[in-house]
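Inside the fold
Okay, here's what each chain looks like letter by letter:
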Amino acid sequence: MAKEWLLSSGILMGWSLGANDSANVFGTGVASGLVGYRTAIFVAAVFVLLGSIIEGEKCMGSLGALTALSHSEAFFAMLSSGLTMTIFTLLALPASTSQAIVGALMGIAVYHGNPDFSALGKFLTCWVLTPIGGIICSVALYKPLKTLVMKGIRSPIARNRVFLVGILITGSYGAYSLGSNNVANVTGVYVTSGLISPFWGLLIGGVSIAAGVLTYSRKTMMTVGKSIVPLDPFSGLLAVFSESLVLHVFTQVGIPVSSSQAIVGGVLGVGIARDIRTVNFRVMGKIFCGWIITPVISGSLAWIAVFMENAFKGGRIMEWLNFLWYRFPTSGVETYLFVPPLVMFIASSITATGGISGAFLLLPFQVSVLKYTSPGASATNFIYNIVAIPGGVYRYIRDGKFSWTLFLSLMIGTLPGVFFGYWMRIVYLPDPKRFKFFVGCVLLYLGLRTIWSAIGEFRTAGGRPKQVKGRITKENFGLRSAVVFENQTYVFSSLGVMIVALFVGVIGGAYGIGGGALMAPYLISVLELPVYIVSGAALCSTWVTSILGAIIYAIGPLSGPSTQTSPDWLLGALFGLGGFLGTYFGAWLQKYLPSSWIKTALGIVIVYIAIRYVWPMISGLIS
Amino acid sequence: MFKRFFYSEKNEQLVLKEMRTHLELLEQACRCFVDFLKGGDKRFLEEIVEIEREGDIVRRNILSTLYKGAFLPYLRPNIYRFVEIIDETLDLLKDKARLCEFISIPPILLDDTLQIAVLNTEMVRMLIIAFDTFVAGDDLRERVLAVRIYEKRIDDLYHDLFLRITKVSVEDFWQGRGLGDFFSLLVKLSDLVEDAGDVLSLLHLSLS
Amino acid sequence: MKVWEFMTRKIEWIDADSSVYEAIERMVNKRIRSLAVCYSDSKKQKGVITARDVVFRVLGEGKDPMRTKIREIAKVPMICIPKDKDMKDVLDIMREANVARVFVCDGDDIVGVVALMDVMYASLIERVRG
């Protein structure tokens, strides 16, 4: 396999560096309205790229001097520094990429047992000198430049022009210095490890930083720009200029340093020159902590990553885990005991965020990964449902959003359907090829529907369903059933529900799902029942159907040892455990992830699987 | 994208030129008022109304040029404010002129009124000088102080006038009310011009 | 700048035969430091009484202000400058006569007064006018 994917962690790092640090060069200008945002990002992107290509190589070597790296170690170094940066960003601490990377490299060096701490001294000195350099520059330049501007340029028009052009020039210079100094952070380790040539390193690094600037820098520009006190245009200009100068000087020295700390120094220096307090001591303390904590954390992460990698490669971990290797007696599936719950935990936390049941993906996993294709796989799917669903059902009943009339109608229709499904599965679909085609069709429908609903959410720009308060107060069961929810009566034809449920039950019975997810669209869009009434009943009917389905598969008239229809209780339960936890985790995750994007991605994955399942049959028919 | 950085000077020059015109109109209106007080010729009052209209045009011109992107965004609010203050002053003069069309100033107050009007004119003259200093980029502290001295003098005069105004007998309510309005407008003018001077020094400071 | 441009027109007159107490009352009420004195027996004669005179020559010497007449302490003659003289000339007169207030006359009539502060203001405005 090509090793280019190892660059991904570095590119991501470059992107985030661009998104965060461009604020240090144009933040003051944009936040104070001197430069338009679009102008700023365009200029910054161009000059970052120029800086990295023209002078970026000067810093590349110094990182290499810390330790020798293999290709994958380079990847892990970037990954752990990226992770450290994310942690620090979440904690709102001003971390520096340079420090994180040096930490990661030292971590790897420690793993190899040959850390060169003497080289580290040079880095540490430069880090400490960065804010100090910023201060010195600002203090030294404040008076002379101020006098020059104030004496030399008198008319308001000319001064206006000076500030306008000045912020553009210092910003461009700052972006240039940023590119030249920090591109080594992005791709330096790859160049050192020999994965890519220096030229490609500079180009890829520069482009990824520029991409970050162009796509995601608005927020930081506003917040950083406003927080670093744009007292007046002249002071802001000088602070940025000092920062750029310091970065450029350290580019010549060959050490990547932190632009955030340089600008803090610049602002502080302006404050000293004007005898005002611009930066408080907490900021200073945070910077100081950054010098120590950032490298330590990212070093530890890198050490762990490399250790794990070697452990896997050497097979040592596999040996340790051998006692977990298990052959499931019923299904004959062989795997580690922790794999089924883990897989379903991940799968169902994602599917729950997108609003569908993990059971849909469980079957393809059994069929394609575990090579479990006999009817027992469908039955095992039922077991998964039995274990994974009860938590959800309980919640709906507790909140009074469980409609037993709807549930009853669904059950009456579904139960015979499941039996037909069972019969169909064993008589018509025991052959994996045909069964896959069937599964593919169901998945295709599901995938397209998921994408469709994602598109709907994009359009309405809403997405997340509102949490509705209220309980079901009164219900009547009959040919036309009625449900009263918060003084509003919803009427539906029980017979219609039963007939549709019968068809869905056939599909569900063969597939190994309760059919709730397939029923819901019909209930919501055709019968116009509200989502919060439908969900509870559908989920509960899925659960009860699953129990009966599992029993039918286990002791049904067509079951026997030769057909292998009986569910694998243990395997299903393990899947279910993962699903149960994953559903809860997914519900929590939903608060932080936009469901529209998740649905789109999920829909595309499902459609992809569906096409892979359907295609062999179709291509067979064609030829 | 970069247009602003290369040819924006024209707009800025236009703004400054129009601001100066605005101020000149104000001075002209003040002079008209003095002339009216001296001779009682009501044609001067009509002229003030004319000037006010012209001032409106100038003001709109300035605002639209600013909107097109003259000057740095953070300077614009103060320029807007300056222009608005001058416009308000012109408005005030117009109101005063309209009032004068139907009230008659009591003879015993006429002398002081005239003096206040003259000082107002002088004050506007000072403001113009201060504005020119601003355009030249020189320190305008002294100029703004001169504006303030006039304001103080006018205030003193007004205080004195105010004590005597109670002794004036009026024919009816509307005469009295018109007279009261007239005198409060008379003194408010100098307040506004003083504010304009302060905004001007603020503008000067924000460019340094 | 001519004197009449920047003089104060408001002048407080007091009769020479009034008591010093009346003068004090007037000064306190109007918040001023000097009064012009007119003499009922002579149209031409005019004088000045300042807070300084009141303090040193009446209160300081233990005299009763109620019984002391202004005539006794007023400075005569009044120091005047013609109204079309330059502001700078005011300064010379002040220096010579060692006073802080100079009256402005138009022929025989007194039309205003120029105080030390007015001179300061005027010179500043002069500077600004350039």
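Residues numbered from 1 in each chain as written. Chains lettered and ligands numbered in written order. Predicted model: local features only at pLDDT ≥ 70, side-chain atom pairs only at ≥ 80, totals over all residues. Heavy atoms only, no water.

**Observations regarding the pattern of salt bridges**
Per the stated rule, a full pass over the model turns up 30 salt bridges over all chains. The partner of Glu122 of chain B in a salt bridge is Arg129 of chain C, with the nearest N and O atoms 2.2 Å apart. Remark: Arg129 of chain C occurs in helix 6 (residues 116-129) and Glu122 of chain B occurs in helix 5 (residues 107-136); the pair is interchain, linking two chains. The partly exposed category is assigned to Arg129 of chain C, whose relative accessible area is 31%. Note that Arg71 of chain C and Asp41 of chain C form a salt bridge whose closest N and O atoms lie 3.4 Å from each other. Taken as a pair, Arg71 of chain C in helix 4 (residues 70-73) and Asp41 of chain C in the loop between strand 2 (34-38) and strand 3 (46-50) lie far apart in primary sequence, 30 residues in all. Among the charged side chains, a salt-bridge network with shared partners connects Asp112, Asp160 and Arg164 of chain B together with Lys10 of chain C. (Salt bridge = Lys/Arg side-chain N within 4 Å of Asp/Glu carboxyl O. Helix = DSSP H or I, 4+ residues; strand = E, 2+ residues; numbered from the N terminus. Buried < 20%, exposed > 50% of the residue type's maximum accessible area, 1.4 Å probe, protein only.)

**Points about the interface of chain B and chain A**
Contacts between the two partners involve 23 residues from chain B and, on the opposite side, 24 residues from chain A. Of the roughly 2100 Å² buried at the junction of chain B and chain A (both faces included), carbon and sulfur atoms supply 64%. At the boundary of chain B with chain A, the tally comes to zero salt bridges. Looking at the side of chain B that touches chain A element by element, the count peaks at four residues for helix 2 (residues 9-39) of chain B. Across the side of chain B that touches chain A, the residue classes break down as 14 nonpolar, five polar and four charged. (Contact = heavy atoms within 4.5 Å. Buried area = accessible area lost by both parts, 1.4 Å probe. Nonpolar A, V, L, I, M, F, W, Y, C, P; charged D, E, K, R; others polar.)

**Re the interface of chain C and chain B**
Counting from both sides, the interface comprises twelve residues of chain C and, opposite them, 14 residues of chain B. Carbon and sulfur atoms supply 57% of the area buried between chain C and chain B, which totals about 1400 Å² over both sides. Area buried by chain C at its contact with chain B is led by Arg9, Tyr121 and Val128 of chain C, which between them contribute 40% of it. At the junction of chain C with chain B, the criterion picks out four salt bridges. One salt bridge in this structure joins Arg153 of chain B and Asp118 of chain C, with 2.7 Å as the shortest N-O distance. Counting every contact that joins chain C to chain B gives eight residue pairs in polar contact (both at pLDDT 80 or more). The element that contributes the greatest number of residues to the side of chain C that touches chain B is helix 6 of chain C, accounting for seven residues. (Polar contact = N/O pair within 3.5 Å; in protein donor to acceptor, adjacent residues only side chain to side chain.)

Structural measurements only, silent on function.
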